[in-house]
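# Per-entry structural report
What follows is the residue order along each chain.
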Amino acid sequence: DGSKNLDNLFIEVNTSIDILRDVGALGKPIFVIINKIDLINNSNVEEYVKSIESHIKKYIDSLVDVIPLSALKKLNIDMVKDSLCRYVQRTNTFSS
């Protein structure tokens, strides 16, 4: 949730990582979608995403992508689709 400050978001990320660990999903591909980026100053979105990505990579090796999104304004929905498609194409190529 991009409407939260980074400290609060890091707490939520850590909770999510704990849950993924508890259910045995940490080795699975992880896509992080940050919604409500329309509430972040445009000049700070890239920095916000990089901070979250850096934080997550401390704990997760299987992070595939971190994508900022605004569902309300329909921003970056194609980025989510593209990231998922690239991942599927890459894994299908390697598994053949």
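Residues numbered from 1 in each chain as written. Predicted model: local features only at pLDDT ≥ 70, side-chain atom pairs only at ≥ 80, totals over all residues. Heavy atoms only, no water.

## Some remarks on the pairing of strand S1 (residues 30–34)
Along a regular strand, successive side chains alternate from one face of the sheet to the other. Burial along S1 is one-sided: Ile30, Val32 and Ile34 are buried, while Phe31 and Ile33, pointing the other way, are not. By the bridge criterion, five bridges tie S1 to strand S2 (residues 63–68) in an arrangement that is parallel. Paired with isoleucine 30 across the strands is leucine 63, a residue of S2. (Buried < 20%, exposed > 50% of the residue type's maximum accessible area, 1.4 Å probe, protein only. Helix = DSSP H or I, 4+ residues; strand = E, 2+ residues; numbered from the N terminus. Pairing = 2+ DSSP bridges.)

## Description of the packing of helix H1 (residues 6–22) against helix H2 (residues 45–57)
Relative to each other, H1 and H2 sit at 35 degrees, their axes nearing to 11 Å. For the pair H1 and H2, the sense of crossing is right-handed. Of the residues in H2, those touching H1 at Leu6, Leu9, Phe10, Val13 and Asn14 are Tyr48, Ser51, Ile52, His55 and Ile56. Per-class residue counts for the contact of H1 with H2 are seven nonpolar, three polar and no charged. (Axes fitted to C-alpha atoms, helices over the stretch in contact; angles between N-to-C directions. Left-handed = near helix turned anticlockwise from the far one by under 90°. Contact = heavy atoms within 4.5 Å. Nonpolar A, V, L, I, M, F, W, Y, C, P; charged D, E, K, R; others polar.)

Scope: geometric values only; no functional claims are made or implied.
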